[in-house]
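Chain and residue survey
In case you want the letters, here they are:
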Amino acid sequence: MKKMTFALACASAAALFADMAPLADFEKYTLGDAVADAVEPDTTLTYWLYGAASGSADGSKVAGDSSAKFLELSTEGGTLWRSINEGNTAGETIDAKLGAAQAVPATGLYVDTMVQFTPTEDGGAPELGGDDKLAIWLNVTAGEDGAPSTTNLCVRAQFLNYADDVVSKAATFTLEPVEGTLALDDASAWHRLTVKAYTLLDDENQRVSAFEIKVDDKAMKAKTSPIGAGMQEMWAEILSAEQKSLVEADRLFPSLEGIAAAGSTFTLQAVGFKGSGAIDDLSISTTAPSPEGDVDWEHPMKETGTAAEMFGITREDLAGVDGEKLAAWALDNEVTFAADAASIIKDAFLLNCANDADAVAEAADEFKITSITVNDDGSVSVTTPADKNYNGTVEIVGSATIDGEYTAAAVTNKTAKFVKAILK
């Protein structure tokens, strides 16, 4: 079977995870070098390890040219592993060399790489070990009665459902883009493969971990549901709105470990490649990789979320604002993107005006509140003009009666006549 399989595996106890460096781009290797069991150039750390039955040799070599190198794979039945636990290569067995598995953080672990897939011609799923969590490969299925063959990207993951009892079994799913098309027929073409691993749910009854997959920055979904309707119904009150949306869109692929014990830890030990093909620019990180290599207002890291989640904004007073609103305002006002957001006047964003001091002063003078209502429970409702489209929201910070003292609280006495509010 000639193919390239991308696999994630784990085999031991949890440990703290650290982003792995350096990026595996092969530029510091010499053409023709084998990387397995070799020390990374300019470091004292070993990252690549070859695991196979006795007598099976790794034929992978650094290829390309002096200015653009990559790793040409030919593992001949074995697996070339990239350890997630950097530098830990003690021991005689492959598991011991790979080091302890790492706990996947709640925010997720991202595996991002460039690949050239060599398709498997016999329709067979890859041979997986008992600790493997996910496998992705390119499959060619011969057409019947003279029909042309079809090339599909496939994933081996767990199928979960509930029908009188829990159904949990390994299954093969065919991938397709959520939007648009994806050309996979050219074996020499490079594709960007991005996999996010994280725990989907963890309650008193179970832990379920899953993966999201992107190819060439396109979100992928399964042609058949990895999570059946019965299980979706059981989880309806457990999952967040975003998680339910991903499940219903068939974009989440449960880990091959299935339904794990409540309170257990989702861990990964290594990323593996087997068969024929090529890889380059592999990174394993807790930080979401940039789409198309660069993030700006028109190319967020994710479709919705805070400014930090969508654009990597690091400025403390802007990191938590709505990312979509910030991008829309920045594009309307020709604000140049920068992760530190140093040029942004926050009040300009909140007031939805041009990003300069004079515009902020003018908008502040024109700021209006059309009504203030003290509700029966003491909370205060504030209405601003609909046509102003303020990006900020009015927050009550205190109130006072005519003869009483000022109270610094959002909930106030119903007799309050004076209210202090801020736009934030």
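Note: the structure precedes this text.
Residues numbered from 1 in each chain as written. Predicted model: local features only at pLDDT ≥ 70, side-chain atom pairs only at ≥ 80, totals over all residues. Heavy atoms only, no water.

**Considering the nonpolar core**
One finds Trp48, Val155, Ile213 and Phe253 to be the most contacted residues of the largest nonpolar core, which totals 46 residues. Considering each element in turn, this core owes the most residues, five residues, to strand E16 (residues 270-285). Contact partners of isoleucine 213, with chain neighbours within four places excluded, come to Ile136, Val155, Leu175, Leu193, Thr194, Val195, Lys218, Ala219, Met220 and Phe253. Residues Ala288, Leu318, Val335 and Ile344 belong to the second largest nonpolar core, which totals 27 residues. (Core = buried A, V, L, I, M, F, W, Y, C linked by side-chain atoms within 4.5 Å. Buried < 20%, exposed > 50% of the residue type's maximum accessible area, 1.4 Å probe, protein only. Helix = DSSP H or I, 4+ residues; strand = E, 2+ residues; numbered from the N terminus. Contact = heavy atoms within 4.5 Å.)

**Concerning a nonpolar patch on the surface**
Together, Tyr162, Val166 and Met234 line one region of the surface with nonpolar side chains, adding up to about 260 Å² of accessible area. Here tyrosine 162 shows up in strand E9 (residues 150-162). (Patch = residues over 30% accessible without salt bridge, like charges linked within 9 Å, V, L, I, M, F, W, Y side chains within 5 Å. Areas by Shrake-Rupley, 256 points an atom, 1.4 Å probe, with all protein chains shown as cover. Salt bridge = Lys/Arg side-chain N within 4 Å of Asp/Glu carboxyl O.)

**A word on the packing of aromatic side chains**
According to the stated counting rule, one finds eleven aromatic pairs in the structure shown. Arranged with centres 5.2 Å apart and planes meeting at 75°, the rings of phenylalanine 70 and tryptophan 190 form a pair that is edge-to-face. Remark: tryptophan 190 occurs in the loop between strand E10 (166-177) and strand E11 (191-202) and phenylalanine 70 occurs in strand E4 (residues 68-74); sequence separation between them is 120 residues. Between phenylalanine 211 and phenylalanine 266, the aromatic rings sit 6.1 Å apart at their centres with planes inclined by 75°, giving edge-to-face as the arrangement. Of this pair, phenylalanine 211 sits in strand E12 (residues 207-215) while phenylalanine 266 sits in the loop between strand E14 (253-254) and strand E15 (267-268); the two residues are 55 residues apart in sequence, bridging distant segments of the chain. Among the residues examined, phenylalanine 266 registers a relative accessible area of 2% and is labelled buried. Positioned over the ring face of tyrosine 198 is lysine 196, at 4.8 Å from the centre of the ring. (Phe/Tyr/Trp six-rings, centres within 6.5 Å; stacked < 30°, edge-to-face > 60°. Lys NZ or Arg CZ within 6 Å of the ring centre and 35° of its normal.)

**Digging into the environment of alanine 68**
Relative to the assigned elements, alanine 68 resides in strand E4. Residue alanine 68 is classed as partly exposed on the basis of its relative accessible area, which comes to 41%. Separated by 41 residues in the primary sequence, alanine 68 and glutamate 27 have C-alpha atoms spaced 6.9 Å apart. Residues within four places of alanine 68 in sequence aside, it is in contact with Glu27 and Ala63.

**Some thoughts on a negative patch on the surface**
Taken together, the side chains of Asp356, Asp358, Glu362, Asp365 and Glu366 define an acidic patch exposed on the protein surface. Along the polypeptide, aspartate 358 turns up in helix H8 (residues 357-366). (Lys, Arg positive; Asp, Glu negative; His and termini not counted. Charge placed at Lys NZ, Arg CZ, Asp CG, Glu CD.)

**Points about the side chain of aspartate 58**
Checked against the element boundaries, aspartate 58 lands in the loop between strand E2 (48-51) and strand E3 (61-65). Lysine 61 provides the closest opposite charge to the buried, unpaired aspartate 58, separated from it by 7.6 Å. In this structure the side chain of aspartate 58 is engaged in a polar contact, spanning 2.8 Å, whose partner is the side chain of serine 60. Beyond its immediate stretch of four places on either side in the chain, aspartate 58 contacts Ala36, Tyr50, Ser74, Thr75 and Leu80. (Polar contact = N/O pair within 3.5 Å; in protein donor to acceptor, adjacent residues only side chain to side chain.)

**Some remarks on the pairing of E16**
In summary, the side chains of a regular strand alternate between the two faces of the sheet. With 14 of 16 residues buried, E16 lies mostly within the body of the structure. Sheet topology places E4 next to E16; four bridges connect them, and they run antiparallel. When the bridges of E16 are listed, leucine 73 appears paired with glycine 277. Relative to E16, strand E5 (residues 79-83) is paired through four bridges, and the arrangement is antiparallel. The partner of leucine 80 across the bridge, within E16, is phenylalanine 273. Taken together, the seven bridges between strand E7 (residues 109-117) and E16 define a ladder with antiparallel strand orientation. (Pairing = 2+ DSSP bridges.)

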